[in-house]
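# Working through the structure, step by step
What follows is each chain in one-letter form.
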Amino acid sequence: MESVLALGHTLSDPDWSSPTECPKWTVKDVYAHLIGGEQWMAEGHPRPEDYEAWSAGPVQARRDTPPAAILDELRKVYEYRLVQLEREPIDPAAPAHLPTGEPITMAAALRTRVFDVWTHEQDIRRAVERPGNLASPAAALTGEILVGLLPRIVAKDAKAAPGATVRLTTTGEIDIDVAVIVDRSGKGRIVGPSRSAQTHLTMRWESYARLSAGRGSRADHDVRVTGDRALGERVLSHLSIAP
């Protein structure tokens, strides 16, 4: 969040109106959305009745708000959250849920918040053509989250057959090299990288992060697929975890 705020202070008036890869959202809209998410966490993350309203409501409410005021509001709610997190003990195993209603633990909720903020920071940076922060601790945590979801994507979504092994390698700011093997019951699990993998996907870290967040299409990214191309393309088509 510090990086998002620092970036905001460098933006010109035209930058704030730049379109992002979030449909119909400008850079200013993304900042407004981040305010809503931080306020929601501060309020104890009550279960939203409607995810779309939860996501778009803060944006619509600030359509006429000047960028400077948006940035100031985000700074204030962020500073409030820092104090709140310092003063209120957190049980990592306590029940929580995502804005979509999916039950998770408090630890997972906080990790997901890091992923969400970092992903939106990248949305902003691409919109204003100021790349950066791709190797930050938040980026590394995002990589951990995405790798943790690979077994489900390979086995359930891409329907890899029992015995199949899919290897994923990223290059650049965050290096990932793992494989998922599907057992006899049809469940996937993470194993070490295998040269005998049925399918091997290789791409830059930024492409993996973008595809996983539903940013851009398969054609927008340079991905090398070796081995079973059909299975590899099925995995790629299901990488997005965006709601």
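Just above, that's the structure.
What this report covers is the structure whose coordinates are included nearby. (Residues numbered from 1 in each chain as written. Predicted model: local features only at pLDDT ≥ 70, side-chain atom pairs only at ≥ 80, totals over all residues. Heavy atoms only, no water.)

## Looking at the packing of helix H3 (residues 27-42) against helix H4 (residues 51-61)
Applicable threshold: Axis definition: a line fitted to C-alpha atoms, limited for helices to the stretch in contact. Angles are taken between N-to-C directions and run from 0 to 180 degrees. Note on conventions: DSSP H or I runs of at least 4 residues are helices, E runs of at least 2 residues are strands, and numbering of each starts at the N terminus. Between 65 and 115 degrees an angle is taken as roughly perpendicular, under 35 as roughly parallel, over 145 as roughly antiparallel, and anywhere else as oblique. Two helices that cross are described as forming a left-handed crossing if the nearer one is turned anticlockwise from the farther one by less than a right angle, and a right-handed crossing if clockwise. By definition in these notes, contact holds between two residues if any of their heavy atoms fall within 4.5 Å. Residues are grouped as follows: Ala, Val, Leu, Ile, Met, Phe, Trp, Tyr, Cys and Pro are nonpolar; Asp, Glu, Lys and Arg are charged; all remaining types, including Gly, are polar.
Relative to each other, H3 and H4 sit at 120 degrees, their axes nearing to 8 Å. What the angle tells us is that H3 and H4 run oblique. You can see that H3 and H4 cross each other, and the crossing is right-handed. Facing Asp 29, Ala 32, His 33, Gly 36, Gly 37 and Trp 40 of H3, the residues of H4 in contact are Trp 54, Ser 55, Pro 58 and Val 59. Taken together, the residues that form the contact of H3 with H4 break down as five nonpolar, four polar and one charged.

## Thoughts on the packing of helix H6 (residues 106-127) against helix H7 (residues 137-157)
Packing of H6 against H7 brings their axes to within 9 Å, and their N-to-C directions diverge by 115 degrees. Here H6 and H7 pass one another in a crossing that is left-handed. Contacts between H6 and H7 involve Arg 111, Thr 112, Val 114, Phe 115 and Trp 118 from the first element and Ala 138, Ala 139, Leu 141, Thr 142, Glu 144, Ile 145 and Leu 146 from the second. A class-by-class count of the residues in the contact of H6 with H7 yields eight nonpolar, two polar and two charged.

## Here's the deal with helix H9 (residues 229-237)
Note that an α-helix has 3.6 residues per turn; residues three or four places apart therefore point the same way. The line we're drawing: Remark: exposure states derive from per-residue accessible area (1.4 Å probe, protein chains only) relative to the maximum for the residue type, with buried under 20%, exposed over 50%, and partly exposed in between. Note: the arc covers the axis-to-C-beta directions of the helix. Contacts described as polar in this section are N or O atom pairs within 3.5 Å, which, within protein, must combine one atom able to donate a hydrogen with one able to accept it, while residues neighboring in sequence count only if both atoms come from side chains.
Of all the positions in H9, only Leu 231, Gly 232, Val 235 and Leu 236 are classed as buried. End-on, the buried residues of H9 take up no more than an arc of 140 degrees, which puts them together on one face. Where H9 begins, the side chain of Asp 228 points an oxygen toward the backbone nitrogen of Ala 230, at a separation of 3.2 Å.

## Considerations on the side chain of Glu 121
Within the secondary structure, Glu 121 is located in helix H6. Non-local contacts of Glu 121, meaning those with residues more than four positions away in its chain, are made with Ser 3, Val 4, Gly 132 and Asn 133.

## Brief notes about the pattern of salt bridges
Put simply, the rule is: Salt bridges are defined as contacts in which a side-chain nitrogen from Lys or Arg sits within 4 Å of a carboxyl oxygen from Asp or Glu.
As enumerated under the stated definition, the model contains 20 salt bridges in all. For Glu 121, the salt bridge goes to Arg 125, with nearest N and O atoms at 2.7 Å. Of this pair, Glu 121 and Arg 125 both sit in helix H6, four residues apart, roughly one helical turn. By the burial criterion, Glu 121 is buried, and Arg 125 matches it. The partner of Asp 177 in a salt bridge is Arg 167, with the nearest N and O atoms 2.9 Å apart. Pair noted here: Asp 177 is in strand S4 (residues 176-182) and Arg 167 is in strand S3 (residues 165-171), with a separation of ten residues, a long-range link. Owing to a relative accessible area of 32%, Asp 177 belongs among the partly exposed residues under this scheme. Members of the salt-bridge network, linked through shared partners, are Glu 21, Asp 123, Arg 126, Glu 206, Arg 210 and Arg 215.

## With respect to helix H8 (residues 205-212)
With seven of eight residues buried, H8 lies mostly within the body of the structure. Here H8 has its buried residues at Trp 205, Ser 207, Tyr 208, Ala 209, Arg 210, Leu 211 and Ser 212. Downstream of H8 by one or two residues, Gly 214 has phi in the positive range, about 75 degrees.

## Description of the packing of aromatic side chains
The cut-off we apply is this: Side-chain rings of Phe, Tyr and Trp, where Trp is taken by its six-membered ring, are said to pair if the distance between their centres is within 6.5 Å; with planes under 30 degrees apart they count as stacked, over 60 as edge-to-face, and otherwise as tilted.
Counted according to the given criterion, the structure contains five aromatic pairs. Measuring from centroid to centroid gives 5.7 Å for Tyr 51 and Trp 54, while their planes differ by 25 degrees, and the two rings are stacked. Within this pair, Tyr 51 and its partner Trp 54 are both found in helix H4, separated by three residues, close to a single helical turn. By relative accessible area, which is 24% here, Tyr 51 ends up partly exposed. Centroid distance Trp 118 to Trp 205: 5.8 Å. Interplanar angle 35 degrees. Geometry classified as tilted. Of this pair, Trp 118 sits in helix H6 while Trp 205 sits in helix H8, and the two are 87 residues apart along the sequence. Comparing Trp 118 with Trp 205 shows no difference in burial state: the two are buried.

In short, geometric facts, not functional conclusions.
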